[in-house]
Amino acid sequence: MSNHVIIKGKNDRLVIALNPDIDFLDLCDILKTKILEAKDFIGNSRMAIEFSGRTLTNEEENKLIGIITDNSDIVISYIFSKRADSEEENIDLDHLNPLIEEGKTHFYRGTLRSGSKIESDGNVVVLGDVNPSSIIKARGNVIVLGHLNGTVYAGLGGDDRAFIAAIYFKSYFNYYWV
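Residues numbered from 1 in each chain as written. Predicted model: local features only at pLDDT ≥ 70, side-chain atom pairs only at ≥ 80, totals over all residues. Heavy atoms only, no water.

1. Notes on the overall build of the chain
Okay, step 1: When its secondary structure is counted, the chain shows three helices and 12 strands.
Okay, step 2: Taken across its 178 residues, the chain has 35% of its residues classed as buried.
Okay, step 3: A fraction of 38% describes how many contacts in the chain between residues 6 or more apart in sequence connect residues 24 or more apart.
Okay, step 4: Of the roughly 11,000 Å² that the chain leaves accessible, carbon and sulfur atoms contribute 49%. (Helix = DSSP H or I, 4+ residues; strand = E, 2+ residues; numbered from the N terminus. Buried < 20%, exposed > 50% of the residue type's maximum accessible area, 1.4 Å probe, protein only. Contact = heavy atoms within 4.5 Å. Areas by Shrake-Rupley, 256 points an atom, 1.4 Å probe, with all protein chains shown as cover.)

Next comes the structure, spelled out in structure tokens:
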């Protein structure tokens with residue numbers, strides 16, 4: 001039973017491998033049990049979720065997401081999955097408005113050198129690397145399109161929906177959501 005759902009952590013996401021050969025409702029029960037067992041270990045975190053091993057319908061994916069959010073303190077930032085009904089999907093733009101309307105964003109092009117500092121009342125997007133001993137502080141989100149090796153603060157002022165994203169994270173974390 002325990003091998004029908006396997007939960008593993010990756011650098012940037014939580015991977016949930018689902019056995020394709022057992023009944024979906026059984027998978028749901030097993031996932032709920034495993035999420036509850038891992039709740040204290042995972043804690044209150046914002047992360048991407050990847051479903052693998054099984055092709056899911058939109059309804060099945062939503063059911064699994066509901067199980068995760070109802071039984072843990074995980075805030076899901078993105079979902080990776082192979083969907084059975086994903087040939088052509090109409091996206092409800094009203095649903096995406098919170099993601100699109102992010103407000104003021106500061107763009108920095110180039111490498112943020114050691115000792116450099118960026119502070120922003122909005123979001124920060126770095127088109128390059130962030131070297132060790134550099135600091136980024138933002139009231140909103142921080143996105144690094146490169147290597148993130150410096151110190152980053154996101155959500156200053158209490159924005160609990162703020163996130164930090166990078167193409168490459170340093171192997172140990174020095175990032176803060178305040």
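2. Observations concerning the pattern of salt bridges
Okay, step 1: Taken as a whole and judged by the stated rule, the model has three salt bridges.
Okay, step 2: Its salt-bridge partner being Arg13, residue Glu50 comes within 2.8 Å of it at the nearest N-O pair. One end of the pair, Glu50, is in strand β3 (residues 46–52); the other, Arg13, is in strand β2 (residues 13–18), and 37 residues separate them in sequence. Arg13 matches Glu50 in its accessibility class, with the two residues each being buried.
Okay, step 3: Here Arg139 and Asp121 are joined by a salt bridge, their closest N and O atoms 3.8 Å apart. Of this pair, Arg139 sits in the loop between β8 (135–138) and β9 (142–148) while Asp121 is found in the loop between β6 (117–120) and β7 (123–127), placing the two residues 18 residues apart along the sequence.
Okay, step 4: For Arg139, a relative accessible area of 43% corresponds to the partly exposed category. (Salt bridge = Lys/Arg side-chain N within 4 Å of Asp/Glu carboxyl O.)

3. Some words on the environment of Ile35
Okay, step 1: Position of Ile35 relative to the elements: it lies in helix α1 (residues 24–42).
Okay, step 2: Classification of Ile35 by relative accessible area gives buried; the value is 0%.
Okay, step 3: On a C-alpha basis, the gap between Ile35 and Ser72 in space is 6.7 Å, while along the polypeptide they are 37 residues apart.
Okay, step 4: Not counting residues within four places of it along the chain, the set of residues in contact with Ile35 comprises Ile7, Ile68, Asn71 and Ser72.

4. Side note on the sheet that holds β7
Okay, step 1: Within the open sheet, the four strands sit side by side as β5-β7-β9-β11. Their pairing is parallel. Only two strands of the sheet have a single neighbouring strand rather than two, namely β5 (105–109) and β11 (164–169). In this sheet, adjacent strand axes meet at a mean angle of 15° when their direction is disregarded.
Okay, step 2: Of the pairings in the sheet, the one linking β7 to β9 comprises three bridges and is parallel in character. Bridging across to β9, Val125 finds its partner in Ile143. (Pairing = 2+ DSSP bridges. Axes fitted to C-alpha atoms, helices over the stretch in contact; angles between N-to-C directions.)

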